[in-house]
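The primary structure of each chain is shown beneath.
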2 protein chains.
Amino acid sequence: MSLKIAVLKEVGSNERRVAMVPVLVKRLTKLGASLALQTGAGVAAGFADADYVGATTVDDPLRVVADADIVLAVQAPSAAVIAAMKPGAVLASFVYPQKHADLLEPLCERHISAFALETVPRISRAQALDALSSQATLAGYYAPLLGAVHLPRILPMMTTAVGSLRAARVLVMGLGVAGLQALATAHRLGAITEGYDVRPETKEQAQSVGAKFVDTGVDGRGEGGYARELTAEEQARTQDALTLHIQQADLVITTANVPGRTAPRLISRVQIEGMKPGSVIVDLAAESGGNCEGTVPGETTTVGRATILAPLNVPSLLAQHASELYAKNLLSLLDLIVKDGALSLDLGDEVVAGTLLTHAGEIRQPAARRLVENVTP
Amino acid sequence: MSLKIAVLKEVGSNERRVAMVPVLVKRLTKLGASLALQTGAGVAAGFADADYVGATTVDDPLRVVADADIVLAVQAPSAAVIAAMKPGAVLASFVYPQKHADLLEPLCERHISAFALETVPRISRAQALDALSSQATLAGYYAPLLGAVHLPRILPMMTTAVGSLRAARVLVMGLGVAGLQALATAHRLGAITEGYDVRPETKEQAQSVGAKFVDTGVDGRGEGGYARELTAEEQARTQDALTLHIQQADLVITTANVPGRTAPRLISRVQIEGMKPGSVIVDLAAESGGNCEGTVPGETTTVGRATILAPLNVPSLLAQHASELYAKNLLSLLDLIVKDGALSLDLGDEVVAGTLLTHAGEIRQPAARRLVENVTP
């Protein structure tokens, strides 16, 4: 077994996930790799070191990466850990260089081939590597449950000995992977569901999970499957059409993200102030600033008679399943870059090339390159 | 309008419910009654004073009850409030004299006709008054949601681009109103559900909400639709059969109550210590001590790799709907005891007689009478 894979213990606050789960260790062995685990890496996700059968454990993160050919992590490791990596090794994790520009220098200096999971191309072939999607699925499932335990009413219609309780109305704004999953879960729980997105092609997707589509008449399709930013006039038209739906809802879930930017504002304070007593908003975009005026990332706030929940790192709250899916995404990447027990990076492969942030001492993604050009005069 | 009805603001900790909701005020008017509301009575449930159209508001609880013919509350009012009531008036609330024996003296002294909602007879005719059931329905709905937001995994089976996640296993112990509703909600969310109760007749009920019934071979039918206490030998047999089901479960919900007693122990510490990493127990019997060894009422504790949630007053967390159902239960009582705009208590009516705790200066329920006989030498 020549190929050495290291799995780091996450150090970020609120981060309970781990980049490899015990049930998948056998698949690493099949790739011809051995696993070195930083001690306690899986504990927060419910996996003891002993569950990783056949893995060696190393307490010091600098030592666990020192002779690894491939380092797996959820969040980007620190500059110090990167600087301790073997020159030319592979790193696979979320990186987000716009938040961690300081990592680009050690990644280049050590000639690390860094796969930034947040940049997996959005094409069919790459779906199995798409960690943003797998994690968003879980966040979308979680959001209506979180909302439901904060609502002063139940979601389903219920018939009792003294008459019926009406079903709650749930509005989901932003119908990507998370939004559609949120609609599906709210529908499962018996709520009356409505979905809204600036991309009209989401209408059928919303309907396929039992929701009514809120049509504002504005087409905001952008690039790469994301929405574009709307003009001021378009925003005003959209807002007018949405106010009624927001204020009729018992639970609103917002999920709109534009990659690399502050999250778009979907709901104004005035709209929230007109919401029903006890209504709840779950703002899944809190990580990038939130979709609501009044959102405080990581906190629960009250605006008018509504409560805004703005949880951070929601996938991490489902750490067992989030780690399992994330680890499977990484295995799909390894399947692409490991051949016959050795690293083999095919830069002609669209998925490999699209996900590689740094390689052979160079920054390969233009957006990240601009970050460095901006800071060095 | 001769009949005066007063609604108190609740003072208990964790109590957000209110005994009357705005949408039902018209029905009081139809009964020929006027409503006096203690200021802010509905605020915690999301109802402003102004929402109670036609009601007068009075700030002081002693004043609001002073000239009321009927006083409505969720929890029993204090002895001071009872002492301020009009002699011969009606009080309708949960009373639980075993916890509040000090209330019996003022109730008798003022000749209050006190309807203790927890003692509504369990017969078909009385279902519309059955506040224990209406509130338990809501608690049962809430329990799996609370569990789900604390689990590190999702409940439904889910197919993703990198394979499937298995559905979670949910075991509900105690299949009364709350337990069956918990099973129904967990089933709705896509979990694999199992139900257990010492009363074999609950088997079909569990199956009707999509659950498998865990048959231990012990018949524990008791009186009044509740379970009896099991013998030590029966308990041991039951425990043996249940251990596997408890330890296979991702989420266990316990709901077993024996009226007027400490909740039965359903799960031992040893059984919990064998549970899966990340597993969760929601102990709905926390109010009466809990069904699990390790339950701390009102707190979240960890035993082995399991988390035990022991929320108090769960219906109050769904204050809007809980208040609505409770208020409808009270209206059903008023329909029985108000004729032509005046009080008219028919002590020959089984429901009236069964629910009356005190009347005309006397304690009418034997269990409560024994409480007073015990404390006065």
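Residues numbered from 1 in each chain as written. Chains lettered and ligands numbered in written order. Predicted model: local features only at pLDDT ≥ 70, side-chain atom pairs only at ≥ 80, totals over all residues. Heavy atoms only, no water.

Notes on the overall build of chain A
What chain A contains, in helices and strands, is 13 helices and 19 strands. Each of the three principal axes of chain A carries a C-alpha extent, and together these read 70 × 55 × 35 Å. A burial count over chain A gives 54% of its 377 residues as buried. Long-range pairs, those at least 24 residues apart, make up 63% of the contacts in chain A between residues at least 6 apart in sequence. About 15200 Å² of surface is accessible on chain A, with carbon and sulfur atoms providing 52% of the total. (Helix = DSSP H or I, 4+ residues; strand = E, 2+ residues; numbered from the N terminus. Buried < 20%, exposed > 50% of the residue type's maximum accessible area, 1.4 Å probe, protein only. Contact = heavy atoms within 4.5 Å. Areas by Shrake-Rupley, 256 points an atom, 1.4 Å probe, with all protein chains shown as cover.)

Section: the interface of chain A and chain B
Listed by partner, the interface residues are 41 residues for chain A and 41 residues for chain B. Summed over both partners, the interface of chain A with chain B comes to about 3600 Å²; 66% of that surface belongs to carbon and sulfur atoms. Among the residues of chain A in contact with chain B, V162, R188 and H321 of chain A are the three that bury the most area, contributing 19% of the side total. The interface formed by chain A and chain B includes 0 salt bridges. The interface formed by chain A and chain B contains 15 residue pairs in polar contact (both at pLDDT 80 or more). (Buried area = accessible area lost by both parts, 1.4 Å probe. Salt bridge = Lys/Arg side-chain N within 4 Å of Asp/Glu carboxyl O. Polar contact = N/O pair within 3.5 Å; in protein donor to acceptor, adjacent residues only side chain to side chain.)

Observations concerning the packing of aromatic side chains
The description of an aromatic ring pair rests on the distance of the ring centres and on the angle between the ring planes. All names here are of chain A. Within the structure shown, the criterion is met by 6 aromatic pairs over all chains. For the pair F94 and Y326, a centre-to-centre distance of 5.4 Å together with 35 degrees between the ring planes defines the contact as tilted. On the criterion of sequence distance, the pair formed by F94 in the loop between β5 (90–93) and α4 (104–109) and Y326 in helix α11 (residues 319–337) is long-range, its members being 232 residues apart. One exposure class covers both F94 and Y326, and it is buried. Cluster of aromatic residues (ring-pair linked, three or more members): F94, Y96 and Y326. One residue, K99, lies across the ring of Y96, its end atom 5.3 Å from the ring centre. (Phe/Tyr/Trp six-rings, centres within 6.5 Å; stacked < 30°, edge-to-face > 60°. Lys NZ or Arg CZ within 6 Å of the ring centre and 35° of its normal.)

Notes on the pairing of strand β9 (residues 169–173) of chain A
Counting buried positions along β9 of chain A yields 4 of 5 residues, so the element is predominantly enclosed. In terms of handedness, the path from β9 of chain A via helix α6 (residues 177–188) of chain A over to strand β10 (residues 192–196) of chain A forms a crossover that is right-handed. (Right-handed = clockwise from strand over helix to strand, strands pointing away.)

Describing the relation of the copies chain A and chain B
Rotating chain A by 180 degrees and translating it 0.0 Å along the rotation axis places it on chain B, where the RMSD comes to 0.0 Å. Between the two chains, the operation in question is that of a two-fold axis. The share of interface residues of chain A whose copies in chain B are also at the interface is 100%, consistent with both copies meeting through the same surface. (Least-squares fit on C-alpha atoms with pLDDT ≥ 70 in both.)

Quick notes on the pairing of strand β13 (residues 280–283) of chain B
All names here are of chain B. Where burial is concerned, the two faces of β13 agree: the one with V280 and V282 and the one with I281 and D283 are both buried. Two strands pair when backbone bridges link them, and strand β12 (residues 251–254) and β13 are joined in this way by 4 bridges, in the parallel orientation. Pairing of V252 across the sheet is with I281, part of β13. Relative to strand β15 (residues 306–309), β13 runs parallel, the two being bridged by 3 bridges. Across the sheet, the residue bridging to V280 is T307, located in β15. (Pairing = 2+ DSSP bridges.)

Details of the sheet that holds β15 of chain B
Residues and elements named next belong to chain B. Spatially, β11-β10-β9-β12-β13-β15-β14 is the arrangement adopted by the 7 strands of the open sheet, whose pairing is mixed. Strands at the two margins of the open sheet, each flanked by one partner only, are β11 (212–213) and β14 (300–303). In this structure, β14 lies alongside β15, joined through 4 bridges in antiparallel fashion. Bridge pairing in β15 links V303 to A306. Set on the sheet, helix α5 (residues 131–150) makes contact with β12, β13 and β15; between it and β13 the angle comes to about 150 degrees. Along the sheet face, helix α8 (residues 232–248) touches β9 (169–173), β10 (192–196) and β12 and points at about 145 degrees away from the line of β9. (Axes fitted to C-alpha atoms, helices over the stretch in contact; angles between N-to-C directions.)

Focus: helix α5 (residues 131–150) of chain A
All names here are of chain A. If you check α5, its first and last C-alpha atoms are 29 Å apart, about what 20 residues at 1.5 Å a residue would give, namely 28 Å. Of all 20 residues in α5, 17 are buried, a share of seventy percent or more. Backbone nitrogen of L132 and a side-chain oxygen of the N-cap are separated by 3.3 Å at the start of α5; the cap is D130. (Expected span 1.5 Å × (residues − 1).)

Here's the deal with the pattern of salt bridges
Enumeration over the complete set of coordinates arrives at 28 salt bridges over all chains. A salt bridge links R125 of chain B to D349 of chain B; its shortest N-O distance comes to 2.8 Å. Taken together, the residues span a long stretch of sequence, with R125 of chain B in the loop between β6 (113–116) and α5 and D349 of chain B in the loop between β17 (342–343) and α12 (350–355) at a distance of 224 residues. By sharing partners, the salt bridges in this structure join R153, D250 and K276 of chain A into a single network.

Quick look at helix α8 (residues 232–248) of chain A
Residue and element names in this part refer to chain A. Spanning 17 residues, α8 covers 25 Å between terminal C-alpha atoms, matching the ideal 24 Å at 1.5 Å per step. The principal kink in α8, of about 40 degrees, is found at L242. The complete set of buried residues in α8 reads E234, T238, L242, H245 and I246. Looking at the buried residues of α8, the elements they touch are β9, β10, β12 (251–254) and α9 (269–273). (Bend = angle between axes of the 7 residues up to and from the residue.)

A closer look at the packing of α5 of chain A against α11 of chain A
Residue and element names in this part refer to chain A. Between α5 and α11, the shortest axis-to-axis distance is 9 Å and the interhelical angle comes to 165 degrees. Taken as axis vectors, α5 and α11 run roughly antiparallel relative to one another. For α5 against α11, the interelement crossing comes out right-handed. From α5, A131, S134, Q135 and L138 reach across to α11, where they touch H321, A322, L325, Y326 and N329. Looking at side-chain class alone, the contact of α5 with α11 contains 5 nonpolar, 4 polar and no charged residues. (Parallel < 35°, antiparallel > 145°, perpendicular 65-115°, else oblique. Left-handed = near helix turned anticlockwise from the far one by under 90°. Nonpolar A, V, L, I, M, F, W, Y, C, P; charged D, E, K, R; others polar.)

A short note on the side chain of D130 of chain A
All names here are of chain A. Within the element layout of this structure, D130 appears in the loop between β6 (113–116) and α5. Here D130 is buried and forms no salt bridge, its nearest opposite-charge partner R122 lying at an N-O distance of 4.5 Å. Excluding residues that lie within four positions of it along the chain, D130 makes contacts with V120 and N329. (Lys, Arg positive; Asp, Glu negative; His and termini not counted.)

Comments concerning the environment of D346 of chain B
As for its placement among the helices and strands, D346 of chain B is situated in the loop between β17 and α12. Residues D346 of chain B and L336 of chain B lie 10 residues apart in sequence; the distance between their C-alpha atoms is 8.4 Å.

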